[in-house]
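Residue-level structure breakdown
One letter stands for each residue in the lines below.
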Amino acid sequence: MTMDTYLVGLIGSGIGPSLSPALHEREADRQGLRYLYRLIDIDVLGVGPEAVGDLVRAARDLGFDGLNITHPCKQLVIDHLDELAPQAAALGAVNTVVFEGGRAIGHNTDVTGFAASFARGLPDVPLERVVQLGAGGAGAAVAHAVLTLGTGHVTVVDAMPDRAADLAAALNRHFGAGRAAAATPDALGGLLGLADGVVHATPTGMAAHPGLPFPAELLHPGLWVAEVVYRPLETELLRTARAVGCATLDGGGMAVFQAADAFRLFTGREPDAVRMLADIAELAGVPGAGVGG
């Protein structure tokens, strides 16, 4: 009997520390697959983000089954694909490319990944008023997920006002007028005082960007806090929020569920997300860490 084989990769900048190869390959090993996940780092190759089209074509020609795409190529890759799944088209960003019959089809599993993690880790929290900090690539996906989950209104806060305004306008077009608004960081005090929860989608808290994204005194026990950062799983924001009494969600679940959705697209097989959650806790150096808090 021949073993099913898959060759996939990740295109992005500074992706050496990524846990995606280990997440995918561990699950594949458990399913008896021969599965190679390769990093295609544009920094190592010495090329710019605009080279993503050439890299996608090369991967297709070399027999790759698919690719994950990360910063800063999620938007740039779209012009080099043959087709977009509806979610990717609505978002204007692609994080997964599947090669089928010589065609490159773009998907976005960040939206479904965050939604699945949130539903598992923060079930039954109030969703009438949500504040989201960060309007970049991850922020756009998470904001779509938050509204898909049934949030009444989301306020997008970003240090770049035009970026926040553009995302809010896109959300209102997709979900209906009045569902989203934009604000600048100086409004956070008033916004968080009235909010049910806050989603953090900036790099602050990552190993290379330590610290809090806003003053600790703006946290209060009535606020839930959801984090997108997963290296480390326990960010200063989550640690501080738990100490105040907030319900919390770490970024590990989004990383796992988006990887699980990509694995399903690449292989047609059903991944075991619970096993993958245990994997990421171990890989991120927090044995026994779960999702939610």
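Predicted model only: the values in this text are computed from it and were never measured. (Residues numbered from 1 in each chain as written. Predicted model: local features only at pLDDT ≥ 70, side-chain atom pairs only at ≥ 80, totals over all residues. Heavy atoms only, no water.)

Some thoughts on helix 11 (residues 273–283)
Because an α-helix packs 3.6 residues into every turn, residues spaced three or four apart end up facing the same way. Formally: For the exposure calls, accessible area comes from a 1.4 Å probe over protein chains only, and a residue counts as buried if that area is under 20% of its type's maximum, exposed if over 50%, partly exposed in between. Secondary structure elements are taken from DSSP: a helix is a run of H or I of four residues or more, a strand is a run of E of two residues or more, and numbering for both begins at the N terminus. In protein, a polar contact means a hydrogen-donor-capable atom and an acceptor-capable atom, both N or O and within 3.5 Å, with residues adjacent in sequence counting only if both atoms are side-chain atoms; elsewhere, any N or O pair within 3.5 Å suffices.
Turning to helix 11, its buried residues number three or more, namely A273, M276, L277, D279, I280 and A281. Its side-chain oxygen at 3.1 Å from the backbone nitrogen of V274, D272 defines the N-terminal cap of helix 11. G285 sits one or two residues past helix 11 and shows a positive phi near 85°.

Examining the nonpolar core
In plain terms, the rule: Buried Ala, Val, Leu, Ile, Met, Phe, Trp, Tyr and Cys residues form a nonpolar core when they are joined through side-chain atoms within 4.5 Å. Just so you know, the domain bounds were taken from an automatic or database domain assignment. By definition, residues are in contact when any of their heavy atoms lie within 4.5 Å.
Counting residues in each nonpolar core, the largest one holds 32 residues, and the members touching the most others are F114, F118, L171, V199, W224 and A226. Those elements that provide at least two residues to this core are helix 5 (109–121), helix 6 (137–148), strand 8 (153–157), helix 7 (161–175) and strand 11 (224–227). When residues are assigned to domains, this core turns out to be shared by domain 1 (5–108 + 254–285) and domain 2 (126–246), each giving three or more. Beyond its immediate stretch of four places on either side in the chain, L171 contacts A143, H144, L147, V154, V156, G176 and A180. Grouped together as the second largest cluster of nonpolar side chains are 18 residues, I11, C73, L81 and A88 included.

Things to note about the UniProt feature "binding site: shikimate" (unreviewed entry) in the protein chain
The line we're drawing: UniProt positions are given in the numbering used here, feature names are shortened, and annotations may be inferred rather than shown by experiment.
Taking the numbering used here, the UniProt-annotated feature "binding site: shikimate" (unreviewed entry) corresponds to S18, L19, S20, T70, N95, D110, Y230 and Q258. Tracing the backbone shows S18 in the loop between strand 1 (5–12) and helix 1 (20–30). In contact with S18, other than residues within four places in its own chain, are L10 and L39. With respect to the helices and strands, T70 occurs in the loop between strand 3 (66–69) and strand 4 (83–84).

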